[in-house]
Amino acid sequence: MNTLEMVASDGLTIAKRNMIKIKRVPDLLVFTTLSPIMFVLLFAYVFGSAIEVPGLSYREFLIAGIFTQTVIFGSTWTGLGMVEDLQKGIIDRFRSLPMAPSAVLIGRTTTDVLINVVSLVVMSLTGLVVGWRIHTSLGEALAGYILLLLFAYALSWVMAVIGMWIRTPEVFNNASFMVIFPLSFIANTFVDPSTMPPVLRTIAEWNPISALTQAVRELFGNTNPMVPPPDVWPLQNAVLASLLWTALMLIVFVPFAIHRYQKAVSR
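Conventions we followed
Residues numbered from 1 in each chain as written. Predicted model: local features only at pLDDT ≥ 70, side-chain atom pairs only at ≥ 80, totals over all residues. Heavy atoms only, no water. Patch = residues over 30% accessible without salt bridge, like charges linked within 9 Å, V, L, I, M, F, W, Y side chains within 5 Å. Areas by Shrake-Rupley, 256 points an atom, 1.4 Å probe, with all protein chains shown as cover. Salt bridge = Lys/Arg side-chain N within 4 Å of Asp/Glu carboxyl O. Helix = DSSP H or I, 4+ residues; strand = E, 2+ residues; numbered from the N terminus. Axes fitted to C-alpha atoms, helices over the stretch in contact; angles between N-to-C directions. Parallel < 35°, antiparallel > 145°, perpendicular 65-115°, else oblique. Left-handed = near helix turned anticlockwise from the far one by under 90°. Contact = heavy atoms within 4.5 Å. Nonpolar A, V, L, I, M, F, W, Y, C, P; charged D, E, K, R; others polar. pLDDT = per-residue confidence, 0-100. Polar contact = N/O pair within 3.5 Å; in protein donor to acceptor, adjacent residues only side chain to side chain.

### A few points about a nonpolar patch on the surface
A cluster of nonpolar side chains, namely Leu 41, Leu 42, Tyr 45, Val 46 and Phe 47, defines an oily patch on the protein surface of about 450 Å² accessible area. Looking at where Val 46 falls in the secondary structure, it is placed in helix H2 (residues 27-47).

Structure representation (structure tokens):
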């Protein structure tokens, strides 16, 4: 077995171990899926009548934002898992096994993808119930889902780095929430950036989360062709911008995370 095959095999083994853990503690997955469902119902039925989107149903505008927020919060599982494994000494057990050092990180980030797949299925069904529909081809719709998973996978590596810097799960939860929550709201996830004050509007228009949300809306056909996106490059070229952000995160944070992991286990 060559090196790449060994890394892939070991990574899948770690991913399987993580999924078994979730199976034994189903509350983790239940509350992960209940949270976005709550957001859909809250915004669709409580705030939806007060928020107007020109030429488009707010519920169709909303769902892409909920999808984006869901997979972004789902990417924090990797960081939280790394904190817990380091705290409990599980990483020390992995060190004694004949496995590739990067396998733990690959397994963790792969688990995030699997969890996000489940979340997206639940969210899609919820969206259909409240009136959301896809108006493009099957291929474009699949591309939208794949783009969400790719972006979230890349973000998982960022969270892995943060997780190896922080000592306790409680601190990681607070730190990740303080970063992700404002980023997901100062964006076009729930409202049109044009309604924001100038400074916040600029942040929202150049926010990577806005590019991803806009790309998903376009791929699902949840945009009004008579109302073009703001005249800024990331939103005018949302799919390309999302792919570039994904590639940048992978290029920077995959080797960085592996380096941090090797440093953490060598203490």
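### Quick notes on the packing of helix H3 (residues 58-74) against helix H7 (residues 138-163)
The contact between H3 and H7 brings their axes to 9 Å, and the two run at 30 degrees. On the basis of the axis angle, H3 is roughly parallel to H7. H3 and H7 meet at a crossing whose hand is right-handed. On H7, the residues that touch Phe 67, Thr 68, Val 71 and Ile 72 of H3 are Tyr 145, Leu 148, Ala 152 and Leu 155. Split by residue class, the contact of H3 with H7 holds seven nonpolar, one polar and no charged.

### Some points on the confidence of the model for the protein chain
With 82% of its residues at a pLDDT of 70 or more, the protein chain has an overall mean of 84. Mean pLDDT per element in the protein chain: helix H1 (residues 3-24) is the minimum at 62, and helix H10 (residues 208-220) is the maximum at 96.

### Section: the side chain of Ser 184
Along the chain, the position of Ser 184 falls in helix H8 (residues 169-185). Reaching out from Ser 184, the side chain makes a polar contact with the backbone oxygen of Phe 181 at a distance of 2.9 Å. Those residues in contact with Ser 184 that lie beyond four places of it in its chain are Gln 69, Phe 73, Thr 189, Phe 190 and Ile 209.

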